[in-house]
Amino acid sequence: MTRSSIPGPPLRERLAVTGDTWWLAIWLLPLLGMLWTAYRAPPWLEPRRLTVELEVGQSLALGREALWSPQADRDHVLLSRDATGAWRLRNLSPAKQVLWQPQSEREPRSVRLWPLVAGAGFAVGEQKFRVLAAQPRRLILENSGLRWEYDGAILRKQGRWLPECRADWRARWRARFGGWSASLAARRPLRLGGGVYCADRLGLTDVPVDTASIEPTAEGFALAPGAAGRGDGVPIITAVGTAEAQAIWERSVPLATGDRLIIGRVRYQVLQTAPQLELAVAARARRWLEGSAPEAASKVKITWARPAWWRPSDSSPVAVRLGILLLAVAAFSAVWAVLGRGRRSRPAIRWGWSALAFALAGACLEMQRNILAVPVLWPYLLAWLSLLVWSAAVRSLWSKGLMAVLTLLLGGGLMVLLQLGSGSVEAGWQRYGGGGAALAGAFGWLAWAAREAWRGLQPIPWPDERWVWWSLRALGAGALALLAAQALAGDEGGWAGFQPFELTKLVLVAAAAHALTLRGRARLHGWSYDKQAPWLRYLGPLLLLAAVCGFALWFLHDFSPLLLLLFWGLALAWAYVRAHPLAPWRWLGRLALIGLVVGLGFGLRGLYQQPEAIPLPFQADRLRAWAAPRDYPHAGYQLRRALEAIRAGGWGGTVWREPVNGQVMAVPVVESDFAPTFLLNRYGGLAGLVLAAIQAAFVALLAIIADRALRRPDADGLWPTLSGRFFYFSLSGGAALLAAHFLVSWGTNLGFLPVMGQPMSLLSAAGSHWVLFVLPIVALAIAVEEKNHDHPF
Amino acid sequence: MEPIPKLNRAGGRRPIGPLLVALAAMAGVGLLQRQLAAIYARPSAVAKPADAPDHAPRREDAKLFARAIDGGLLRLEADGRIAVAPADLLLRRAYARAYPDLLAPRSDGPDWLAGVWDSERRRLHQALHFSAAGRYVRQQIEAFNARQLLAAIRWRSDAGLPGAWTADWSGAPLTLTAALPSPNPPFLSELSGNWQPWQWVARWPALENRPPVRFRLTPPRPARAGERLELLLIGGAPDVQGATVLASEPQCREARFCAESDAVAHRLSLEWRDGSAGLTILCAPLSASRLPELWRQELTQIRREDGRLLWREPSDPGASAARLPATEREAGHFPGFEEFGNARFSVGEVLDVAALKLEGSADGLTAASVLTPWKRR
């Protein structure tokens, strides 16, 4: 934007006044939507306490209905009282487990775990085993004259180390890692069944693979049913040959006060065992619509409570702690504001603000960790306040615009996720919206704390170029290390609770921007082998790019990240050639890119007609299902369900007449990749169009801010040289990736692209994507634009 | 070459920012509007392709089933059940080459390591064990196999001693149901007197071998000598423990004179032993083809005709889930169905398909399909 586009002082002032009013209206809009959602929420009653009465010697089977656990079997557990009056619990489900965490233990374990001790015997099918020794990291078994030793990682047959089952690089790396230090090696279960003896598998004739497993525990090892084990399948008998011989499926555990249970994903805690058994329902239970027909009477008495919207429920110490913290913070800031008016120095005020923001960020993170224990609306409130503070602080017209669009997108997304939780029959769905809001709030408050601290510290100079470049290298190395950690120790869902891939995308954007900035500074343009062309420096982002592509293909087995990267690469190339100083490069480059995009479009069309043309080693079904959905009812299952839900919603949506969510909840991953389906079903196609318009405006505003950063003169003394270009390429790349996310997500949900597995930014519940990618890009854009505004050129 | 130190900044261009925002918004809205309008206008969510001119299977499950049979990954066994290639077959093949001494001893079942092996079979094996369609095909096979054997017991106590029956198969507990799988065949319904209801084995576990079924009757008090009972048993020749056999009469489907080799049922007269706490009957299950009127093929998509296995397309009216006995649907023993467009899906797939982790990669060396409840982002 040139100077002429910024109005003169009178107009600007006028705009500022009306702008603030408008801004407040925009800020209030999603807030009102959220309050409306909470107000219109169905009148749920949540089970808080289950009370079971049983005479001594009696037993009672409980399941889905009585336990209010939607994922449980019809008869899932058997509660019984033995002759002494003590309670015991047995899992009746043939395939699903019940987790039990005695008060003294830190990790829950299956009730079907049978600790192995020396001298004990067990049988899997017709194969009998005798335990010769069982200590931590040392288990010796004997079976038909063969001696098996297991250290928790690698099995030995008659003293011979067995090779890794899967001869891939990951297993080899793990094996080598284990060889260096046994204490560092990851302990893993020994799986029984199948036809092969290898490092963590003991084959058994006539027993399907993974029928039983031997899990390492703190005390040694324990026998448990494997992933393929079923109560009505191959029998697993414990204490075989003794009077206590029992199928592992029939094992029961004693219940004591303080024990925790997970049955069908619902968590319970034992409150008391005498005179009756009382269970507190901790999380994720099914809810009951007040006023609807009462459930059939069972032997379980239930204490009902309404969902905690504002006031914490009595059984939530986390919420009470957080409430005290928030009240203390509010009191502190009020006292600080009243007492210190006009007396304290500005840096002191800034430090005070910074500490306050830091405390709020901490509160947000604590809420995110215990999202099901805090009242529903608390995280939303904190996120909203941080948006208000930031919106009031930005001065540039473009940052204000960006904040307004961000408020609408984030606010709309949070409102949709709140509806997802409040309209769901299962209480646990609140965690998606609440968790996202808490993370967004934490990011906002942390950024605010950093901003205030930064301004309190001034005059610290703007970091110089070397500092920026070294930080980039460190970030790149960190991102690669995180990817490696995910590849080795995590799974495609992430590592240590978050998705490092999102951070890698951000670092890739910055590293590529750095390389292009250097390219822009090079004295020679066009292809050159001149020594001054810093070719080596371009290797950094290329290495990162190669790592990211390899990670997506070999670890995630997914090509959707490559589509994002392709989009990003094209946009970055466009950003580069459009700013090229040589006119032929500018025009021919852009023409070539347009040609490439048209060619890709034709390629996609060709792929639709002949999906077999690309021989993919994975996800080939996805392409075929995209081209002929009717012939691929299983591979295209998600899309079918999604399209059905979208059609059911129509242009108007269903939320206006039906507060309960209904069938759309059956779409797999409706909270994440298929959140747009939820939006289209509940709020209708028109809401989808409004969302698409705001998303387009969001990307366009980022592109405009990037363009403004490019047009800063180098040597005006206020900015370090080159920063403008770096920001230009960073923001262009970020905007392109965000646009690609929007496009891919719409394509996934509406079925016009053969991709899946990418969330829609600021709508899907995708915490890592929000705080490690989207919000940093927005923060960078605002920082750049504010600097631009403070020092107009 | 003249050094050109700066990127082109093109100062003084006309302001196009607001225009760009408006254009981007309009383009986004227009594209989405077209897509949505097309979806709303379609009569069904998924467009139907033109009818295929040939009768080759089009659906992925039917194709996979047919190819897996051709490729030898699904085999029809002598007892009528379908054997599925084990999930760790790739590993077994790799070990048969590299470490033949690390293979577990083979059972009497099919030899999966024999025969040709190529990339197509490898791909099919991968699909059979690690894809959503393969999971569905295996569920259908399990449902088919669960109906290939028959065993049932019915009794009356002359002494009025009550009791409850349980059954297991090589230690695996069996569910007993009173519901007959289909209308009574004549030879089963000709009983008079106070006979207790039938106890049918509702579903057979996926055991690879075929051990005898063990029926066990537990009376509430120890029996007294001289107390008698009568049994009617569907299955092979019985072996009785806990009571004395007074008479054993083989029964055939039709013939009045019945040889033991043709028998499908046995009628037993027993006398309790004094103090006996229970009665145990061991008998081999009967192949369902011996009693065709009880053979419930219609409950799965797999059909056996002239010794060949066929996959029935779900548009056939016979494949409806509504015909399932309520006990089986409720007990979750049978993969439930759900109407969805023109296809039916197992309920179990609803949440799992998305999270089905394809652990196999190139080697397909593990059977565990890990199901993650939700993804972290």
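These numbers were taken from a predicted model, which means no experiment stands behind them.

A. Quick peek at the overall build of chain B. Within chain B, the secondary structure is distributed over eight helices and 19 strands. A burial count over chain B gives 35% of its 377 residues as buried. The contacts of chain B with a sequence gap of at least 6 include a subset with a gap of at least 24, amounting to 74%.

B. Structural view of the overall build of chain A. Across its full length, chain A carries 18 helices and 26 strands. Nonlocal contacts in chain A, meaning residues at least 24 apart in sequence, comprise 64% of its contacts between residues at least 6 apart.

C. Structural detail: the nonpolar core. All names here are of chain A. Formed by 150 residues in total, the largest nonpolar core has its most connected members in Ala-697, Leu-701, Ile-705 and Leu-731. Tallying contributions element by element places helix H16 (residues 675-710) first for this core, with 22 residues. Among the domains, domain 1 (3-40 + 312-457) and domain 4 (465-790) are the pair contributing at least three residues each to this core.

D. Main features of unusual backbone geometry. Residue and element names in this part refer to chain A. Between Ala-274 and the following residue, Pro-275, the backbone shows a cis peptide bond with an omega angle of 0 degrees. In this structure, Pro-275 sits in the loop between strand S23 (266-272) and strand S24 (277-283). A positive phi angle, near 65 degrees, is found at Asp-206, a position not held by glycine. When you line up the elements, Asp-206 lands in the loop between strand S16 (201-202) and strand S17 (212-216). You can call Asp-206 buried: it has 21 C-beta atoms within 10 Å.

E. Broad picture of the environment of A:Ser313. Residues and elements named next belong to chain A. Tracing the backbone shows Ser-313 in the loop between strand S26 (300-305) and helix H4 (317-339). Look at Ser-313 and you get partly exposed, because 16 C-beta atoms sit within 10 Å. If we ignore the near neighbours within four places in the chain, the residues touching Ser-313 are Ala-305 and Ala-308.

F. How the structure looks around the packing of helix H12 (residues 560-578) of chain A against helix H13 (residues 583-609) of chain A. Residues and elements named next belong to chain A. Put simply, H12 and H13 touch, their axes get as near as 8 Å, and they point 160 degrees apart. Considering the angle they form, H12 stands roughly antiparallel to H13. The crossing of H12 and H13 is left-handed. Note on element contacts: H13 touches H12 through Trp-585, Arg-586, Gly-589, Arg-590, Leu-593, Leu-596 and Val-597, opposite Leu-570, Ala-573, Trp-574, Val-577 and Arg-578. The residue inventory of the contact of H12 with H13, partitioned by class, reads eight nonpolar, one polar and three charged.

G. Representation of the sheet that holds S16(A) within the structure. Residues and elements named next belong to chain A. On the basis of which strands lie adjacent, the open sheet formed by six strands has the order S7-S18-S17-S14-S16-S15 and mixed pairing. The open sheet has two edge strands with one neighbour each: strand S7 (114-115) and strand S15 (197-198). The pairing of strand S14 (residues 190-192) with S17 spans three bridges and is antiparallel. Its bridge partner lying in S17, Arg-191 is registered against Ser-213.

H. Just the environment of A:Glu492, in detail. Position of A:Glu492 relative to the elements: it lies in the loop between helix H9 (465-489) and helix H10 (500-521). In this structure, the C-alpha to C-alpha distance between A:Glu492 and A:Phe555, residues 63 residues apart in sequence, is 7.3 Å.

I. Expanded view of the packing of helix H7 (residues 397-422) of chain A against helix H18 (residues 767-790) of chain A. Residue and element names in this part refer to chain A. It is the contact of H7 with H18, at a shortest axis distance of 9 Å, that shows an interaxial angle of 160 degrees. Between H7 and H18, the crossing angle belongs to the class labelled roughly antiparallel. Seen along the crossing, H7 lies across H18 with a hand that is left-handed. On the side of H7, the interface is formed by Trp-398, Ser-399, Leu-402 and Leu-406, while H18 contributes Val-778, Ala-781, Ile-782, Glu-785 and Glu-786. Taken together, the residues of the contact of H7 with H18 sort by class into six nonpolar, one polar and two charged.

J. H16(A), seen in detail. With 36 residues, H16(A) extends just 35 Å between its outermost C-alpha atoms, more than 12% less than the 52 Å of an ideal straight helix rising 1.5 Å per residue. At A:Tyr683, H16(A) shows its largest bend, some 120 degrees.

K. Inspection of the sheet that holds strand S2 (residues 59-62) of chain A at higher detail. Residues and elements named next belong to chain A. Taken together, four strands build an open sheet; the order of strands is S2-S3-S4-S21 and the sheet is antiparallel. Among the strands making up the open sheet, the edge pair consists of S2 and strand S21 (252-254). Strand after strand, the sheet turns through a mean of 25 degrees between neighbouring axes, direction not considered. Note: strand S4 (residues 87-91) against S21, three bridges, orientation antiparallel. In the strand pairing of S21, Arg-88 is matched with Pro-254.

L. Quick peek at the pairing of strand S17 (residues 308-311) of chain B. Residue and element names in this part refer to chain B. Across four bridges, the pairing between strand S16 (residues 302-305) and S17 is antiparallel. Bridge pairing links Glu-305 to Arg-308 in S17. In textbook terms, the turn of a hairpin is the stretch between consecutive antiparallel strands, and for S16 and S17 this stretch comprises two residues, one of which, Asp-306, has a positive phi near 50 degrees.

M. Representation of H12(A) within the structure. All names here are of chain A. The end-to-end C-alpha separation of H12 is 27 Å, in line with the 27 Å expected for 19 residues at 1.5 Å each. Those residues of H12 lying buried are Ser-560, Pro-561, Leu-564, Trp-568, Ala-571, Leu-572, Ala-575 and Tyr-576. The arc that holds the buried residues of H12, viewed along the axis, is 150 degrees, so those residues lie on one side.

N. Representation of the pairing of strand S14 (residues 279-283) of chain B. Residues and elements named next belong to chain B. Side chains of S14 alternate between two faces, with Leu-279, Ile-281 and Cys-283 buried and Thr-280 and Leu-282 left unburied. As judged from the five bridges shared by strand S9 (residues 213-218) and S14, these two strands associate in the antiparallel manner. Its bridge partner being in S14, Leu-217 is matched across the sheet by Leu-279. Relative to S14, strand S11 (residues 239-241) runs antiparallel, the two being bridged by three bridges. Bridging across to S14, Asp-239 finds its partner in Leu-282.

O. Broad picture of the confidence of the model for chain B. All names here are of chain B. In the predicted model, chain B carries a mean pLDDT of 73, and 70% of its residues have values of at least 70. Averaged over each element, pLDDT in chain B is lowest for strand S18 (residues 337-340) (30) and highest for S14 (92). When the criterion is pLDDT under 50, residues 1-6 qualifies, and its contacts beyond four places in sequence or with other chains add up to seven contacts. Low pLDDT (under 50) marks residues 316-377, which in the prediction has 135 contacts with non-local residues, meaning those over four places away or in another chain. As scored by the predictor, the complex reaches a pTM of 0.82 and an ipTM of 0.81.

P. Local environment of the environment of B:Glu249. Residues and elements named next belong to chain B. By secondary structure assignment, the location of Glu-249 is in strand S12 (residues 243-251). Here Glu-249 falls in the exposed class, since 12 other C-beta atoms lie within 10 Å of it. Once the C-alpha coordinates of Glu-249 and Leu-268 are considered, the two residues, 19 residues apart in sequence, prove to be 6.4 Å apart. Non-local contacts of Glu-249, meaning those with residues more than four positions away in its chain, are made with His-266 and Arg-267.

Q. Inspection of the confidence of the model for chain A at higher detail. Looking at chain A as a whole, its pLDDT mean stands at 84, while 87% of the residues score no less than 70. Between residues 1-9 of chain A, whose pLDDT stays under 50, and residues either more than four places distant or in other chains, the model counts 13 contacts.

Reading the values: the criteria
- Residues numbered from 1 in each chain as written.
- Chains lettered and ligands numbered in written order.
- Predicted model: local features only at pLDDT ≥ 70, side-chain atom pairs only at ≥ 80, totals over all residues.
- Helix = DSSP H or I, 4+ residues; strand = E, 2+ residues; numbered from the N terminus.
- Buried ≥ 20, exposed ≤ 12 C-beta atoms within 10 Å, placed from the backbone.
- Contact = placed C-beta atoms within 7 Å.
- Core = buried A, V, L, I, M, F, W, Y, C linked by C-beta atoms within 7 Å.
- Domains from an automatic or database assignment.
- Axes fitted to C-alpha atoms, helices over the stretch in contact; angles between N-to-C directions.
- Parallel < 35°, antiparallel > 145°, perpendicular 65-115°, else oblique.
- Left-handed = near helix turned anticlockwise from the far one by under 90°.
- Nonpolar A, V, L, I, M, F, W, Y, C, P; charged D, E, K, R; others polar.
- Pairing = 2+ DSSP bridges.
- Expected span 1.5 Å × (residues − 1).
- Bend = angle between axes of the 7 residues up to and from the residue.
- Arc of directions from axis to C-beta.
- pLDDT = per-residue confidence, 0-100.

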